[in-house]
Amino acid sequence: MKLTVLAGLVFGLCICGKAQSAEKSIKAYFSGWQKKDWSIVAGQLADGFSFTSPAGDDHIPVEKFKEKCWVQAEYIKGFEWVRIFERGNEAFALVHVITTDNKIVRNVEFFTFSNGKIKSIEVFFGGTGAGYPSNAN
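Residues numbered from 1 in each chain as written. Predicted model: local features only at pLDDT ≥ 70, side-chain atom pairs only at ≥ 80, totals over all residues. Heavy atoms only, no water.

A.B. asks: Just to check I follow, could you spell out unusual backbone geometry for this structure?
C.D. replies: Note: most peptide bonds trans; most residues except glycine with negative phi. In this structure, lysine 36 is a non-glycine residue whose phi angle is positive, near 60°. Within the secondary structure, lysine 36 sits in the loop between α1 (2-35) and α2 (38-43). Positioned with a positive phi, asparagine 115 is a non-glycine residue whose angle comes to about 50°. Along the chain, the position of asparagine 115 falls in the loop between β5 (104-114) and β6 (117-125). (Helix = DSSP H or I, 4+ residues; strand = E, 2+ residues; numbered from the N terminus.)

Below you can see the structure in the form of structure tokens.
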């Protein structure tokens, strides 16, 4: 009985540790956007990273991602975390992007991870349909 309880506790700690790890990585990634520091963003990305969004981005590589999307950092004031769900090497984040003019863009972002780094992100725009910070109305 004690061994079963101990095994359950160890399993629970492992699951919590993984969830905290994904959440920590996601929040560190987003902090780079808020701080306007590409090196923080890039430091969270795995080799072979790809990005997908409804704005015509279909598994684009990191170089194209930076070129096309990094300009949005100028319009980002902060983030409000609604939910982060993690399972294995995948996580969903429901996040409010708060723009510099205090508008909210609601996104769902699907992350995959490889060796603790973000391997891919697929973004689903929401809210008012603004899509991304520079389009917020």
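Next comes the rest of the account.
A.B. asks: Just checking my understanding: could you explain the sheet that holds strand β4 (residues 90-99) for this structure?
C.D. replies: Pairing between the strands of a sheet is mediated by backbone hydrogen bonds and can be parallel or antiparallel. What the 6 strands build is an open sheet, ordered β2-β1-β6-β5-β4-β3; its pairing is mixed. At either margin of the open sheet sits one strand with a lone partner, and together these are β2 (57-61) and β3 (76-87). The sheet shows a mean angle of 20° between the axes of neighbouring strands, direction not considered. Strand direction decides the pairing type here: β5 and β6, joined by 8 bridges, are antiparallel. When the bridges of β6 are listed, glutamate 109 appears paired with valine 123. Its contacts with the sheet put helix α3 (residues 62-69) on β1 (45-53) and β2, and the angle it makes with β2 is roughly 115°. (Pairing = 2+ DSSP bridges. Axes fitted to C-alpha atoms, helices over the stretch in contact; angles between N-to-C directions. Contact = heavy atoms within 4.5 Å.)

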